[in-house]
Amino acid sequence: KMIEGRVREFRLDERLRRSCETDIYAMCAFFGDLDTIDNADNSVIRCLQYYIKEITSPSCKQQVKKYQELAAQDVRFNVPLADACFEDRNSFCSSVPPGSARVIRCLMKMREKLSPTCRAV
């Protein structure tokens with residue numbers, strides 16, 4: 001649960017926050033105090049993942065890669081996928097335990113039956 005919270009709210013991960021502060025300002029077009037970001041849509045994590053090749057800080061890049069690896073293995077850490085596919089996951093994969101990419105594989109098997117929102121992610 002703690003890691004899942006960190007994926008949804010970057011400010012909970014002090015290491016990510018410290019190592020990526022410069023890149024957040026540079027690439028995510030944010031000006032101001034990091035504590036004032038409305039992160040309800042997890043835009044900072046998504047921004048960093050999108051621009052990972054342009055991240056200048058090696059420690060930031062390492063932290064963002066860690067989050068990408070988690071997202072590839074567990075739908076709970078892939079916030080855009082988890083949000084877009086919440087209903088489909090409940091309908092088609094509710095008995096599948098999370099982790100080891102099991103839910104992601106289940107959703108891929110059910111691709112033709114998924115909602116357009118889920119398929120788009």
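Source: prediction; values computed, not measured.

Cut-offs and rules
Residues numbered from 1 in each chain as written. Predicted model: local features only at pLDDT ≥ 70, side-chain atom pairs only at ≥ 80, totals over all residues. Heavy atoms only, no water. Helix = DSSP H or I, 4+ residues; strand = E, 2+ residues; numbered from the N terminus. Buried < 20%, exposed > 50% of the residue type's maximum accessible area, 1.4 Å probe, protein only. Contact = heavy atoms within 4.5 Å. Areas by Shrake-Rupley, 256 points an atom, 1.4 Å probe, with all protein chains shown as cover. Axes fitted to C-alpha atoms, helices over the stretch in contact; angles between N-to-C directions. Parallel < 35°, antiparallel > 145°, perpendicular 65-115°, else oblique. Left-handed = near helix turned anticlockwise from the far one by under 90°. Nonpolar A, V, L, I, M, F, W, Y, C, P; charged D, E, K, R; others polar. Phe/Tyr/Trp six-rings, centres within 6.5 Å; stacked < 30°, edge-to-face > 60°. Disulfide = S-S within 2.5 Å. Expected span 1.5 Å × (residues − 1). Arc of directions from axis to C-beta. pLDDT = per-residue confidence, 0-100. Salt bridge = Lys/Arg side-chain N within 4 Å of Asp/Glu carboxyl O.

Let's talk about the overall build of the protein
Helix and strand counts for the protein stand at eight helices and zero strands. The linear arrangement of helices and strands in the protein, starting from the amino end, is α-α-α-α-α-α-α-α. Out of the 121 residues belonging to the protein, those deemed buried represent 40%. Taking contacts inside the protein between residues at least 6 apart in sequence as the whole, the part at least 24 apart equals 54%. Accessible surface, the protein as shown: approximately 7500 Å² in total, 53% of it carbon and sulfur.

Here's the deal with the packing of helix α2 (residues 14-27) against helix α4 (residues 58-73)
Contact geometry for α2 and α4: axes closest at 8 Å, N-to-C directions at 120°. Classified by the interaxial angle, the pair formed by α2 and α4 is oblique. Seen from above, α2 lies across α4 with left-handed handedness. Across the interface between the two elements, R15, L16, S19, C20 and D23 of α2 pack against S59, C60, Q63, V64 and Y67 of α4. When its residues are assigned to classes, the contact of α2 with α4 shows five nonpolar, three polar and two charged.

Re the environment of L70
Locating L70 in the fold gives a position in helix α4. By relative accessible area, which is 24% here, L70 ends up partly exposed. For the pair formed by L70 and G99, sequence separation is 29 residues and the distance between their alpha carbons is 9.1 Å.

Here we look at the packing of aromatic side chains
Inspection of every chain in the model, using the stated rule, returns one aromatic pair. Aromatic side chains Y50 and Y51 sit 4.8 Å apart centroid to centroid with 85° between the ring planes, which places their arrangement in the edge-to-face category.

Some remarks on the state of the cysteines
For the coordinates displayed, the defined rule picks out four disulfides. Each sulfur in the disulfide pair C28 and C47 lies 2.0 Å from the other. Between C28 and C47, the S-S torsion sits near -105°, and that sign places the bridge as left-handed. Residue C28 is found in the loop between α2 and α3 (43-50), and its partner C47 is found in helix α3; the two are separated by 19 residues along the sequence.

Quick word on α4
Its 16 residues place the ends of α4 23 Å apart at the C-alpha level, agreeing with the 22 Å of an ideal helix rising 1.5 Å per residue. Along α4, the positions that sit buried rather than exposed are C60, Q63, V64, Y67 and A71. Along the axis of α4, the buried positions cluster into a sector of 95°, meaning they face one direction only. Those residues of α4 that are exposed and aimed more than 90 degrees away from the buried face are P58, Q62 and E69.

A word on the confidence of the model for the protein
Overall, the predicted model of the protein reaches an average pLDDT of 82, with 79% of residues at or above 70. For the protein, the element scoring lowest by mean pLDDT is helix α1 (residues 2-8), at 55; helix α6 (residues 86-92) scores highest, at 95.

Notes on the pattern of salt bridges
Enumeration according to the criterion identifies one salt bridge in this entry. For R18, the salt bridge goes to E14, with nearest N and O atoms at 3.8 Å. Linking R18 with E14, this pair stays in helix α2, spanning four residues, or about one helical turn. Exposure remark for E14: the relative accessible area of 41% places this residue in the partly exposed category.

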